[in-house]
Amino acid sequence: MAMFDQIRISEESWRVAIETLASAGWSVRKGGGLDFSWAVLDRDGMRIDMEYDIWQEGEMAFAKADASAVRGDFLAQLIVELKIE
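This report concerns the structure included in the present document. (Residues numbered from 1 in each chain as written. Predicted model: local features only at pLDDT ≥ 70, side-chain atom pairs only at ≥ 80, totals over all residues. Heavy atoms only, no water.)

Taken as a whole and judged by the stated rule, the model has one aromatic pair. On the basis of an interplanar angle of 50 degrees and a centroid distance of 6.0 Å, the ring pair of Trp14 and Tyr52 is categorised as tilted. In this pair, Trp14 is assigned in helix 1 (residues 11–23) and Tyr52 in strand 4 (residues 46–53), connecting sequence segments 38 residues apart. Given the relative accessible area of 5%, Trp14 is considered buried. (Phe/Tyr/Trp six-rings, centres within 6.5 Å; stacked < 30°, edge-to-face > 60°. Helix = DSSP H or I, 4+ residues; strand = E, 2+ residues; numbered from the N terminus. Buried < 20%, exposed > 50% of the residue type's maximum accessible area, 1.4 Å probe, protein only.)

Following this line, the structure appears as structure tokens:
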């Protein structure tokens, strides 16, 4: 599966992205602790992998073919910040 390069994301945007996608019907599994957190979001055969490290901030990755569907579930402000094309 062709993935985007890792998209950097701030802690606040990381949390907003998960909440936004969950409210759009994505299933969310997440875990971690104080210094490191992860989330996997799935919907209709699409998958987004997200990680947050307190020292390096967050990242998210998904298949290039899913970009338009993912973009459609985000708020415009978040699309601009994440630079999802």
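Let's shift gears to the environment of Gly58. If you trace the backbone, Gly58 turns up in strand 5 (residues 57–62). Taking the C-alpha atoms as reference points, Gly58 and Trp38, 20 residues apart in sequence, are found 9.1 Å from one another. The residues touching Gly58, leaving out its near neighbours within four places in the chain, are Ile7, Arg8, Ile9, Trp14, Glu51 and Tyr52. (Contact = heavy atoms within 4.5 Å.)

Strand order across the open sheet formed by five strands is 1-5-4-3-2, with antiparallel pairing between neighbours. Strand pairing shows two members of the sheet lacking a second neighbour, strand 1 (7–9) and strand 2 (27–32), which therefore form its edges. Adjacent strand axes in the sheet meet at a mean angle of 20 degrees, parallel and antiparallel pairs treated alike. In this sheet, strand 5 lies alongside strand 4 in antiparallel orientation, the contact comprising six bridges. Across the sheet, Glu51 pairs through a bridge with Glu59, a residue of strand 5. Across the face of the sheet, helix 1 comes into contact with strand 1, strand 2, strand 3 (36–43), strand 4 and strand 5 while running at roughly 155 degrees to strand 4. (Pairing = 2+ DSSP bridges. Axes fitted to C-alpha atoms, helices over the stretch in contact; angles between N-to-C directions.)

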